[in-house]
Amino acid sequence: MSKKKLIAVAAASAAFMLVASGCSVGADAGTPGAGTDGAKRLSFQLAEPTSLVPHENPGSQVGMATCANLMEVNVETQELEPLAAKSVTSQDATTWKIALQEGWTFQDGTPVTADSFAKAWSKTATGSNAWQGNGSFVSFVGYKELNPTDGSKPKTDSLSGVKVIDANNLEVTLNAPNADFPKVLSTSPLCPLPEVAFTDAKAYEENPVSNGPYKFVSWNHNQEVVLDKWDGFKGAAGFSGGADKLVGQIYTAVDAAYTDMTANNLDMIRNVPATMVSKAKSQLGEESLYEVKTGSKQYTLQIPEYVKGLEDPDLRRAISMSIDREAIAASLLQGYATSSDSLVPPSLDSYKEGSCDSCTLDVAGAKDLLKKAGGFDGTLVIEHTSTSDVQLVQAIAKQIQDNLGIKVQLKPMLGTELEARRNNQELEGAVFGLWGWSYKSSDQYLSQYETGGDGNVTTGYSNTAVDALLRSARGEQDEAKSAARYAQAEALVIKDMPAIPLFIPTDFGLHTKCAVMNDAQGDLQFYRAGYGC
Amino acid sequence: MLGYTVRRILQMVPVVLGATFIIYALTFLMPGDPVAALTGSRPLPESTVQQIRLAYRLDDPFLVQYGNYMLGLLQGNFGIDFFGRPVLGLILERLPVTFALAMTAWVLKLAIGLAIGVYGGLRNGQAGDHFALVFTVIFLGIPGFVIALGAQTVFGVQLGWVDPAGIRAGWPLAFILPALVMAIEASAGLARLTRTSLVDVLRAEYLRTARAKGLSPRRVIWGHALRNAMIPVVTYLGLSLAGMLGGAVIIEAIFNMPGIGGLMVTAINNKEGTVVVGIATMLVLVYLVFNLLVDLLYGIIDPRVRI
C-alpha cells in the first residue's frame, strides 16, 4: 500500500469513528423543549441518580420533588403539617390512625388510596428487594417477618402492622410507642406508589409517576433530569416551589458545578464546602449565598466502649478540653461553624447550653484530669475517612497532641472500609464523623446512645437509665415533656462522654438571582425554591 | 497474515483471563465492605445487609465468586451493580463520551504533534527547531490539570465560547476544549519523537544515496525520510490512542464529562467489583486490539517486516 493510500485510510477511519461516536453523543442533548423560553426555569446540581424512585434512593432531590408525603414541612411556617393526609392521630403513640385527603390523584390520574401507601411500604420493607429505604420500617409491627435473619424466604409479602381500613383510612401499629411517627411519615421511603409501579416495575423505574408538586418529564442519563410543575397538585404553596420547570443537571464533582454557575449555566448548588463559600463570596457576591438557618449536623469524635485504654470518662474529658474549638472554627472552618457543647445541635428543643462542661479549651484543667485518670501512655488512634475533612481531623489531632502531651495517630481510610470497621466493631480508637438527622428530632441524635439504637453500633454505649429515659421520651406526645426527658438522657450520657462534641457546621447553598432558595427545617430542598426573576 | 492475526487473537484469551483475574482479586482484597457504602453512616438493619450479601453472593469464597463472574461474562452478562443496574448498560451509557473525547483528542494531537515534529526535524538546529523545542518543554512541564483549569476559566467562563462543563452542547462543541487540552499535552511527546526520528533518518546513508541518485529534495523527504521516520511514531500513536481511552479521568472530572473514567473512580471507592472488572476487561480488550492493529500496520509501512 502506498503512503498516500495509508494516510487516506487512516483519515477515513478516524473520520468514520468520529462521525459514529458523534452521532451517539449529545444527539438528544441540549435541546430545550419548545416553548420553554420565558417559562420559569430553574436548574440545580444533581449527581447521576441510582434511581428516581424515592424508596430506593431516599434523600434524592428528584424523589422529594415528585412525591407528596402524608406529612411534610411547610416552608412558609417551617412546621410539620399534614399534606397527603387529612389527619394523623394516636392515643398511645403506638397505634396510629391516618386519614387521607379525599380526591387526591397520582399524576397519571389514578387515585391515591390507603392501598397506595400500604403496598409501597410492604414492598420497601421486604429485605430481599434491597431497597435502601428498608430501614425506615424497623419500628413497624411485621417488619421481622419480612426480613428473616436466617436468609430464608419470608412467608408473607405485607407488613402486618399496616391495616387498610378503607380507601381513605389506614392504621399503623408500631413495636413501641413513638411520638415522632408523623415525622417518619415525611421521609422519602414512606411515599405512596401508584398501581403501575407494581404491574410494570421495570418501566416505572425509567418513567416514575407520583403525587407530588413536580412531575417527571425525562432523564437523559449522566446529563439531566427534567421535571415540570404538576398543575394537579392540591397542596398549599408552602409545600411546592416557584419554578415551572426544574432541570437537575448532572455533575460528577461540585467544582465543575461551581464553574458552570460562574458561567451562568446553573442556578442552585447545595452542601457547599467551606472553602468554596469564601471563593463564592468574592467571585459571585454575598447575595449568591444562602445560609441554612437550622443547624442540623454535628461533628463529633466518638469513642467506642470496646476500645481498651479509653474507658475513663476523665481521660475523655481531658481530650475534649485540649481541643480549641473556637480557634479551629474561626481559622480552618473560616467561621462557617460554631463550637458544640452538647450531644445535640442547639436547634433541638432538648438542647441545654453548656450541657458539656468540658467542651471548652482549658489546657491546665485537661492536664489535671489526665493526671487524675492515671495518665495515658498509649497512642490515641483517630480513624476517619480519607476523602473529607482531612485537614479538620489533622488540626484536632495536633491540638490534642500539643496540649495534652499524648501521642495521637491518624488512620485515614476509604469510606467503605471505615463503615465496615464501624459496623463490625473493629475500630482501634476514636472515630471522627459527621452526623445529621433525617427529620428534626432529638431521637435522631440520642438513639446513638441507646442500647441497639440507630447508630449505636459505633460506640456500643449502653446505660439502662438512659435507655429508660429515651423510651419514655419517645412515647411522650407532649413536646415539652418529651424534650425535658431527652435533655435528662443527654445529661446522663455526656457524663460518660462516649462522644466528644466538636462543631455544628453552617450549611450553605449557592444560587443565582432567579432562584430563591428555601430550606425545610434545615434541609435545603431544591424544589422548594421560589422564582425571583 | 491471516494466520498471524488468528494466532494473535488466540493469544489474547489468556491475557484477558489473567488481567480480569488480577483485577478481580485486587478488588476483592481491597479493605472495606461494599454493602456499607450503600447508606453512608447510618447502617442498614442487619437483616437487610444479610439479604443483600446473599443476593450478591458476597459470602462465597473468592474463587467461586470469580468463577460465577466469568461464567456470566462468557454469556455476555457483565452482572449488576449494588443498585440493581446492569453493568453493561452503565458502561455503554458512558463509552460513547469517552470514545468521542479520546478520538477527538487523538486526531488533534496527531495534527499538532506531527506538524511541530516534522517542522522541527526539517529545520534541525535552526530557529524553527528551537521554537518547537520551547513549545514542547512548556507543555511537558505544566501539569495537565493546570492547563485544563486555565482553559476552562478563560474560554468557558470569561470568553464564554463554549460551556465550561458538561456535554449539553453535544459533539463537537462540548468536546473541543477538553480534547484540545488533552491533545496539546500529549502532542509534546509526539512532536519530540517525530523530530528525533526524522533527524536520525535524515542522516542515514540511504538518504545520501537517494540524493546522490538525483531525486528531488521533495521526493527525498516525503517518499523516503518521512516514511522511515514514521515507523516508531506509528507504534506510539496506536498505543497512545488506547491509553487515551482509559486515561482521561482528570479531564473528564474537570469538564464534567460523563465518561468511563468517572465511573471507574466511583466504582473503586464503593468497592463495586463487577463494575471495576467490567470496565477493566473492556479497556484490556481495547488495548489488545489496538496493539494488534499497530503490528499489522507495521507490515504496511515497513516492507522489511513481513507477517
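Definitions and limits used
- Residue indices begin from 1 for each chain and proceed along its sequence in written order.
- Chain letters start at A and ligand numbers start at 1, both assigned in the order the entries are written.
- Only residues with pLDDT of at least 70 are given local features in this predicted model, and only at 80 or more are side-chain atom pairs given and counted; all residues enter the totals for whole chains, interfaces and linings.
- Put simply, DSSP H or I for four residues or longer makes a helix, DSSP E for two residues or longer makes a strand, and each gets a number counted from the N terminus.
- Here, residues touch in the contact sense if the C-beta positions derived from the backbone fall within 7 Å of one another.
- With C-beta atoms placed from the backbone, a residue counts as buried when 20 or more other C-beta atoms lie within 10 Å of its own, as exposed when 12 or fewer do, and as partly exposed for counts between those limits.
- DSSP bridges decide pairing: two strands pair if at least two such bridges lie between them.
- We define a nonpolar core as a collection of buried residues of the types Ala, Val, Leu, Ile, Met, Phe, Trp, Tyr and Cys that are connected via C-beta atoms lying within 7 Å of each other.
- Each helix should span, by expectation, one fewer than its residue count multiplied by 1.5 Å.
- The angle between two axes is taken between their N-to-C directions and runs from 0 to 180 degrees, where each axis is a line fitted to C-alpha atoms and a helix contributes only its stretch in contact.
- By definition in this entry, angles of less than 35 degrees are roughly parallel, angles greater than 145 are roughly antiparallel, angles of 65 to 115 are roughly perpendicular, and the rest are oblique.
- By definition, any crossing whose near helix is turned counterclockwise from its far helix by less than a right angle is left-handed, and any crossing with a clockwise turn is right-handed.
- Three residue categories are used. Nonpolar comprises Ala, Val, Leu, Ile, Met, Phe, Trp, Tyr, Cys and Pro, charged comprises Asp, Glu, Lys and Arg, and polar comprises the others, including Gly.
- For every residue, the predictor assigns a confidence score, pLDDT, that lies between 0 and 100.

**As for the overall build of chain B**
And then number 1: Tallying secondary structure elements over chain B gives 12 helices and zero strands in all.
And then number 2: For chain B, the spread of C-alpha atoms along the principal axes amounts to about 85 × 55 × 30 Å.
And then number 3: Long-range contacts, defined here as pairs at least 24 residues apart, represent 73% of the contacts in chain B between residues at least 6 apart.

**A few points about the overall build of chain A**
And then number 1: For chain A, the helix and strand inventory stands at 17 helices and 23 strands.
And then number 2: A principal-axis box enclosing the C-alpha atoms of chain A has dimensions of 80 × 75 × 50 Å.
And then number 3: Relative to its 533 residues, chain A shows a buried fraction of 49%.
And then number 4: Contacts in chain A between residues far apart in sequence, at least 24 positions, make up 69% of those at least 6 positions apart.

**Some points on the pairing of strand 13 (residues 297–302) of chain A**
Residue and element names in this part refer to chain A.
And then number 1: For strand 13, the tally of buried residues reaches five of six residues, placing the bulk of the element in the interior.
And then number 2: Here strand 13 pairs with strand 17 (residues 430–436) via six bridges, running antiparallel. For glutamine 298, the partnering residue across the bridge sits in strand 17 and is tryptophan 435.
And then number 3: As defined by bridge partners, strand 13 adjoins strand 18 (residues 499–505) across four bridges and the pair is classed as antiparallel.

**What about the nonpolar core?**
And then number 1: By size, the foremost hydrophobic cluster in this structure holds 199 residues, and its most contacted members are Leu246 of chain A together with Leu101, Ala102 and Met182 of chain B.
And then number 2: Not counting chain neighbours up to four residues away, the residues in contact with methionine 182 of chain B comprise Ala105, Met244, Ala248 and Ile251 of chain B.

**Description of unusual backbone geometry**
And then number 1: Between tryptophan 171 of chain B and proline 172 of chain B the backbone carries a cis peptide bond, its omega angle lying at 5°.
And then number 2: As for its position among the elements, proline 172 of chain B is in the loop between helix 6 (144–158) and helix 7 (173–202).
And then number 3: Located in the positive-phi region is asparagine 271 of chain A, a residue other than glycine, with phi close to 50°.
And then number 4: Residue placement: asparagine 271 of chain A occurs in the loop between strand 11 (268–269) and helix 9 (274–283).
And then number 5: Non-glycine residue glutamine 521 of chain A carries a positive phi angle of around 45°.

**Overview of helix 11 (residues 260–269) of chain B**
And then number 1: Along helix 11 of chain B, the residues classified as buried are Ile260, Gly261, Gly262, Leu263, Met264 and Ala267 of chain B.
And then number 2: Those residues of helix 11 of chain B that are buried lie in contact with helix 4 (87–122), helix 10 (249–254) and helix 12 (273–301) of chain B.

**A word on helix 6 of chain B**
And then number 1: Taking 1.5 Å as the rise per residue, helix 6 of chain B with 15 residues should run 21 Å; its terminal C-alpha atoms sit 20 Å apart, in good agreement.
And then number 2: Taken together, the buried positions of helix 6 of chain B are Ala148, Gln152 and Gly156 of chain B.
And then number 3: Among the structural elements, helix 8 (254–262) of chain A together with helix 7 and helix 10 of chain B are those in contact with the buried residues of helix 6 of chain B.
And then number 4: Positive backbone phi, at 65°, marks glycine 160 of chain B, one or two positions downstream of helix 6 of chain B.

**A short note on the sheet that holds strand 13 of chain A**
Residues and elements named next belong to chain A.
And then number 1: Pairing in this open sheet of six strands is mixed, and the strands run 14-18-13-17-15-16 from one edge to the other. With partners counted over all chains shown, the strands left at the sheet margins are strand 14 (337–339) and strand 16 (407–413), one partner each. Going from strand to strand, the sheet's axes swing by 25° on average, the running direction of each strand aside.
And then number 2: Contacts between helix 14 (residues 415–423) and the sheet are confined to strand 15 (379–385), strand 16 and strand 17, with strand 15 contributing the most and set at about 125° to the helix.

**Some words on the packing of helix 1 (residues 2–29) of chain B against helix 12 of chain B**
Residues and elements named next belong to chain B.
And then number 1: Running from N to C, helix 1 and helix 12 point in directions that differ by 150°, and their axes come no closer than 9 Å. When the interaxial angle is binned, helix 1 and helix 12 end up roughly antiparallel. Crossing geometry of helix 1 relative to helix 12 is assigned as right-handed. On the side of helix 1, the interface is formed by Arg8, Met12, Val15, Val16, Ala19, Thr20, Ile23, Tyr24, Thr27 and Phe28, while helix 12 contributes Gly273, Val276, Val277, Ala280, Thr281, Val284, Leu285, Leu288 and Leu292.
And then number 2: Here the residues of the contact of helix 1 with helix 12 sort into 14 nonpolar, four polar and one charged.

**Description of the packing of helix 4 of chain B against helix 12 of chain B**
All names here are of chain B.
And then number 1: Running from N to C, helix 4 and helix 12 point in directions that differ by 50°, and their axes come no closer than 10 Å. In terms of orientation, helix 4 lies oblique with respect to helix 12. The handedness of the crossing between helix 4 and helix 12 is right-handed. Between helix 4, through Val87, Leu90 and Ile91, and helix 12, the contact on the second element is made entirely by Thr274, Val275, Gly278, Ile279 and Met282.
And then number 2: When its residues are assigned to classes, the contact of helix 4 with helix 12 shows six nonpolar, two polar and no charged.

**Some thoughts on the sheet that holds strand 7 (residues 169–173) of chain A**
Residue and element names in this part refer to chain A.
And then number 1: Read from one edge of the open sheet, four strands run 4-5-7-6, paired in antiparallel fashion. Looking along the sheet, the strands with just one partner apiece sit at the ends: strand 4 (85–89) and strand 6 (162–166). Taking each pair of neighbouring strands and ignoring which way they run, the sheet shows an average axis angle of 20°.
And then number 2: The sheet contact formed by strand 6 and strand 7 spans four bridges and is antiparallel.

**Some remarks on the confidence of the model for chain A**
Residues and elements named next belong to chain A.
And then number 1: Looking at chain A, the pLDDT average stands at 89 and 93% of residues meet or exceed 70.
And then number 2: Mean pLDDT across the elements of chain A bottoms out in helix 1 (residues 3–24) (39) and peaks in strand 5 (residues 95–100) (97).
And then number 3: Overall, residues 1–36 carries pLDDT values under 50, and its contacts beyond four positions in sequence, including any with other chains, amount to 41 contacts.

**Things to note about the environment of leucine 297 of chain B**
Residue and element names in this part refer to chain B.
And then number 1: For leucine 297, the location among the structural elements is in helix 12.
And then number 2: Accessibility expressed as a C-beta count within 10 Å gives 20 for leucine 297, which makes it buried.
And then number 3: Distance in space between the C-alpha atoms of leucine 297 and threonine 235 is 8.9 Å, their sequence separation being 62 residues.

**Observations regarding the pairing of strand 10 (residues 245–250) of chain A**
Residue and element names in this part refer to chain A.
And then number 1: Counting buried residues along strand 10, five of its six residues qualify, which places the element largely inside the surrounding structure.
And then number 2: Examined bridge by bridge, strand 1 (residues 41–46) and strand 10 share six bridges and lie parallel to one another. Considered in strand 10, the bridge of glutamine 45 is made with glutamine 249.
And then number 3: Pairing between strand 9 (residues 224–229) and strand 10: five bridges, direction antiparallel. By the bridge assignment, aspartate 228 is partnered in strand 10 with lysine 245.

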